[in-house]
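Working through the structure, step by step
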Amino acid sequence: MKNFQELSEIKEGNNYKYYSNGKWQTSLSGKTIPVHNPYNKELVGNIQACTKEEVDEIINIAHENIECWKDTPLHKRAEILSKAANLMVKWSEPLGYLLMKEIGKPINSAISEIVRTADIFKATADSRTLFSGETILGDAFEGYTKEKISMTYRVPLGVVLCISPFNYPFNLAGSKIAPALMAGNSVVLKPPSPGPLTALHFGIILEKAGLPPGVFNIITGRGSEIGDYLVSHHMIDMISFTGSSEIGENIAKIAGMKPLLLELGGKDAAIVIDDADLNVTVKAIVTGAFSFSGQRCTAVKRVLPMPGIADKLIEKVTEETLKLKIGDPANDNTIGPLINSEQCGYVQGLIDDALEKGARLICGNKRKENIIWPTILDNVTDDMRIAWEEPFGPVLPFIRIKSAEEAIEISNKSKYGLQGMIFTENIDLAFNIAQELDVGTVQINGKSARGPDHFPFLGTKSSGLGTQGIKYALEAMSRPKVVVMNLSERGKLVKKCSFTEDY
Ligand code: NAP
Ligand code: G3H
């Protein structure tokens, strides 16, 4: 089932269209952007390079369709999301195959990305009761009575702009689209230019699931050309963005007074105490650092081992790393191509800098086309770029530490604050370190990871703003609406008890 029978007019030849008001359209710019398979450089398709006028048009359409969608009953919105989830599961293989080709993700992980997105849609549809609201009586504050009653329920924000990154282009679009639609917003999706094709299929999926035209729209084009215009557009009411800290921080500067949900970069550190279970720790570090060739915001990006375990740990991690399969993502190799050759150059620069400054190469530092062999560096020190920068590639630095205090200091010195890990059998110590780490989430005896998707997911400092996770995203994409009843004295019942003066 590798050849996905296209179900609509989504493309003409190799040229995919953008999706506006329920129609697949060709940009008047006359320009397209090629999408190449990062493994073999084959052309997978072209996307439309939309113009600013087309951005205006698509946002207008989303705006015009707010009313109809926000008045659609919640149970109906949930039904459409559930149907969309079923279609994703049905098409998970061909969609996964397309995803594998456009971003070089190992085939099984690519199919899992589609199924995981379906799970998010289903769980979001099941979360209807989160919109139940509350009633508060006024008499908790002196000077007010029970005759003042606030009724609070949640309403949508308007047009939500969803921007997803290349490494999870389908899933990190879906994890924004589902709560945005469920909360009653209309949506404009801007997928990444490297890896936009699978995400374009949300247009077909949602249409077939019964979503009215114009409620969900997709604009394509380079972020460097239309990004600033999109995020600062006055008719965008909320932005949910996942991507680099650099772009996220720019959005925060120029977006104006819009609510933002930003999930950005990370430099997650694994602190390994002498008493850690070696098997558990090694497995977590190797899968955490090298799945999808390290192209995950939550990848293990540095290891901070204590002196009593460092040598043994590095030996075992290296042993397991050397077993990783390298090559074609179609054969489900863990290590495959990085997204493009510029990214390979950046990663190589980090390795070269560390080696020039005295780091010890344990394995790797080999490149063929866009594939970089998993690279382990020991004796990394704080003057090396790899100690602080996010490689988004298969490079794992070991920074040897002497105490838990030093580990906390190095962890917290990072500009990022996504996740942290502590490996130890001493749960009290783990808890104490966890309390000191300035990150969104601390994993104890486990690798850093976003899921399961109903957990809160957030970063501190340059790693983000706001919280993802189904319940939290629904809250972020809606706001409370308060109606206060001020009942009159008429009809008030006579009180049965009376109090003495000094009571
Ligand atoms: P990126 O370069 O920041 O791009 C992300 C998205 O932003 C793309 O759709 C991109 O479009 C768009 N964009 C570019 N310039 C823009 C602008 N001026 N205004 C608005 N949007 C703009 O990130 P990436 O390379 O795709 O992804 C890798 C980064 O994302 C890493 O730093 C990683 O840590 C981070 N990430 C974080 C999380 C998390 O949950 N914390 C998850 C995944 C990835 P174009 O592709 O057209 O430029
Ligand atoms: O790349 C960033 C993603 O949010 C990471 O998700 O931990 O499930 O791979 P993951």
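For the structure itself, look to the data block above.
So, here is what we can say about the structure in this document. (Residues numbered from 1 in each chain as written. Chains lettered and ligands numbered in written order. Predicted model: local features only at pLDDT ≥ 70, side-chain atom pairs only at ≥ 80, totals over all residues. Heavy atoms only, no water.)

**Examining the nonpolar core**
Rules: Here the nonpolar core consists of buried residues drawn from Ala, Val, Leu, Ile, Met, Phe, Trp, Tyr and Cys, with membership extended through side-chain atoms lying within 4.5 Å. Only protein chains enter the calculation, and the probe is 1.4 Å; a residue is then buried if its accessible area is under 20% of its type maximum, exposed if over 50%, and partly exposed in between. Should any heavy atoms of two residues lie within 4.5 Å, those residues are counted as being in contact.
Counting residues in hydrophobic clusters, the biggest one holds 65 residues, and the most contacted among them are Phe121, Ile177, Phe202 and Phe216. In contact with phenylalanine 121, not counting residues within four places along its chain, are Leu81, Ala84, Ala85, Met88, Gly174, Ile177, Ala178, Phe202 and Leu206. If you look at the next biggest cluster of nonpolar residues, it comprises 31 residues, including Ala359, Val395, Ile399 and Ile422.

**Overview of the site of ligand 2**
The condition that has to hold: Nearness is judged by heavy atoms alone; a residue qualifies as near a molecule or strand once a single heavy atom is within 4 Å of it. Pairs of N or O atoms are called polar contacts if they sit within 3.5 Å, as long as, within protein, a hydrogen donor faces a hydrogen acceptor (for residues adjacent in sequence, only side-chain-to-side-chain pairs). In these tables, accessible area is a Shrake-Rupley quantity obtained with a 1.4 Å probe, and a residue counts as shielded only by the protein chains included in the view. Method remark: on a 1 Å grid restricted to protein atoms, a set of points is classed as a cavity if a 1.4 Å probe fits but cannot get out and as a pocket if it is open with protein on both sides within 12 Å along at least five of seven lines; lining residues have an atom within 4 Å of a point. To be counted as sitting in a cavity or pocket, a molecule needs more than half of its atoms within 2 Å of that site's grid points. Just so you know the grouping, Ala, Val, Leu, Ile, Met, Phe, Trp, Tyr, Cys and Pro go in nonpolar, Asp, Glu, Lys and Arg go in charged, and all remaining residues, Gly too, go in polar.
For ligand 2, the full set of nearby residues is Arg116, Asn167, Tyr168, Arg296, Cys297, Thr298, Ala449, Arg450 and Phe457. Arginine 116 has a polar side-chain atom sitting 2.7 Å from an oxygen atom of ligand 2. Taking cysteine 297, its main chain carries an N or O atom lying 2.7 Å from an oxygen atom of ligand 2. The fraction of the free accessible surface of ligand 2 (310 Å²) that becomes covered by protein chains is 94%. The pocket occupied by ligand 2, as judged from atoms lying within 2 Å of grid points, is the second largest pocket. Of the residues assigned to the shell around ligand 2, the class counts are four nonpolar, two polar and three charged.

**Regarding the pattern of salt bridges**
Where we set the bar: A pair is scored as a salt bridge if a Lys or Arg side-chain nitrogen falls within 4 Å of a carboxyl oxygen belonging to Asp or Glu. Secondary structure counts use DSSP, requiring at least four H or I residues in a row for a helix and at least two E residues in a row for a strand, with both numbered from the N terminus.
A full pass over the atoms with the stated rule returns 18 salt bridges. The partner of lysine 76 in a salt bridge is glutamate 79, and the shortest N-O contact between them spans 3.4 Å. Of the two residues, lysine 76 and glutamate 79 both sit in helix H3 (residues 74–90), three residues apart, roughly one turn of that helix. On the basis of relative accessibility, which here comes to 32%, the residue lysine 76 falls in the partly exposed class. The exposure class assigned to glutamate 79 is partly exposed, which follows from its relative accessible area of 35%.

**A short note on the packing of aromatic side chains**
Where we set the bar: Two aromatic rings from Phe, Tyr or Trp, using only the six-membered ring of Trp, form a pair when their centres are within 6.5 Å; if the ring planes differ by under 30 degrees the pair is stacked, by over 60 it is edge-to-face, and anything between is tilted. Placement of a charge over a ring requires the Lys NZ or Arg CZ to be within 6 Å of the ring centre, with the centre-to-atom vector within 35 degrees of the ring normal.
A full pass over the atoms with the stated rule returns five aromatic pairs. On the numbers, 6.5 Å between centres and 45° between planes, the contact of tyrosine 19 with phenylalanine 216 is tilted. Separated by 197 residues along the polypeptide, tyrosine 19 in strand S3 (residues 18–20) and phenylalanine 216 in strand S11 (residues 216–218) bring together distant segments of the chain. Where phenylalanine 121 meets phenylalanine 202, the ring centres are 6.1 Å apart and the plane angle is 15°; that geometry is what we call stacked. Of the two residues, phenylalanine 121 is situated in helix H5 (residues 107–125) and phenylalanine 202 in helix H8 (residues 202–208); the sequence distance between them amounts to 81 residues. Here phenylalanine 202 falls in the buried class, since its relative accessible area comes to 0%. One aromatic cluster is present, built from ring pairs that chain together Tyr19, Trp24 and Phe216. When the ring centre of tyrosine 168 is taken as origin, the NZ or CZ atom of lysine 105, which lies over that ring, is 3.7 Å away. A cation over an aromatic ring shows up here: lysine 366 above the ring of tryptophan 373, its NZ or CZ 4.2 Å from the ring centre.

**Focus: the sheet that holds strand S14 (residues 269–272)**
Counted only if it meets this: At least two bridges found by DSSP between two strands are what make those strands a pair. Structural elements are reduced to axes, namely lines fitted to C-alpha atoms, with helices fitted over the stretch in contact, and the angle between N-to-C directions of any two is expressed from 0 to 180 degrees.
Across the sheet, four strands lie side by side as S15-S14-S22-S23; this open sheet has parallel pairing. Across the chains shown, the open sheet's two edge strands, defined by having one partner strand only, are strand S15 (302–305) and strand S23 (441–444). On average, adjacent strands in this sheet sit at an angle of 20° to one another, irrespective of strand direction. The sheet contact formed by S14 and strand S22 (residues 419–423) spans four bridges and is parallel. Bridge assignment links valine 272 to a residue of S22, and that residue is phenylalanine 423. Relative to S23, helix H15 (residues 427–436) is tilted by about 165°, and along the sheet it contacts S14, S22 and S23.

**Observations concerning a nonpolar patch on the surface**
Short version of the rule: Each patch is built from residues lacking any salt bridge and having more than 30% relative accessible area; the joining distance is 9 Å for like charges and 5 Å for nonpolar side chains (Val, Leu, Ile, Met, Phe, Trp, Tyr).
A contiguous nonpolar surface patch, about 400 Å² in accessible area, is contributed by Met151, Tyr153, Val483, Met485 and Leu487. For valine 483, a relative accessible area of 32% puts it in the partly exposed group.

**Let's talk about the site of ligand 1**
As a matter of local geometry, ligand 1 sits amid 29 residues, with Ser193, Gly223, Ser244, Leu264 and Glu390 nearest to it. Contacts to ligand 1 include glutamate 390, whose side-chain N or O atom sits 2.6 Å from an oxygen atom. When ligand 1 is considered free in solution it has 900 Å² of accessible area, and contact with the protein chains removes 88% of it. Judged by the fraction of its atoms near the pocket grid, ligand 1 is located in the largest pocket. Those elements that place two or more of their residues in the shell around ligand 1 are helix H9 (223–231) and strand S12 (238–242). Broken down by element, the shell around ligand 1 gets its largest block of residues, four residues, from H9.

**Some remarks on the environment of proline 480**
Within the secondary structure, proline 480 is located in strand S26 (residues 478–486). Judged by relative accessible area, which is 43%, proline 480 ranks as partly exposed. When the C-alpha positions of proline 480 and proline 156 are compared, they lie 8.9 Å apart, and in sequence the two are 324 residues distant. With sequence-adjacent residues up to four places away left out, proline 480 is seen in contact with Thr152, Tyr153 and Arg154.

**Comments concerning the sheet that holds strand S20 (residues 395–397)**
With mixed pairing, the three strands of this open sheet are ordered in space as S16-S19-S20. Pairing within the sheet leaves two strands with one partner each, and these edge strands are strand S16 (360–363) and S20. Put simply, the sheet's adjacent strands are angled 25° from each other on average, direction ignored. Relative to strand S19 (residues 375–378), S16 runs antiparallel, the two being bridged by three bridges. Considered in S19, the bridge of cysteine 363 is made with isoleucine 376. Docked against the sheet, helix H11 (residues 278–290) engages S19 and S20, running at close to 135° with respect to S20.

**Some thoughts on the packing of H3 against helix H6 (residues 171–182)**
Operational definition: Working rule for angles: under 35 degrees goes down as roughly parallel, over 145 as roughly antiparallel, 65 to 115 as roughly perpendicular, anything else as oblique.
At a closest axis distance of 9 Å, the pairing of H3 and H6 adopts a crossing angle of 155°. The angle between the axes of H3 and H6 places the two elements in the roughly antiparallel class. Between H3 and H6, the residues in contact are Leu74, Arg77, Ala78 and Leu81 and Ala178, Leu181 and Met182, respectively. When the residues that make up the contact of H3 with H6 are grouped by side-chain class, the tally is six nonpolar, no polar and one charged.

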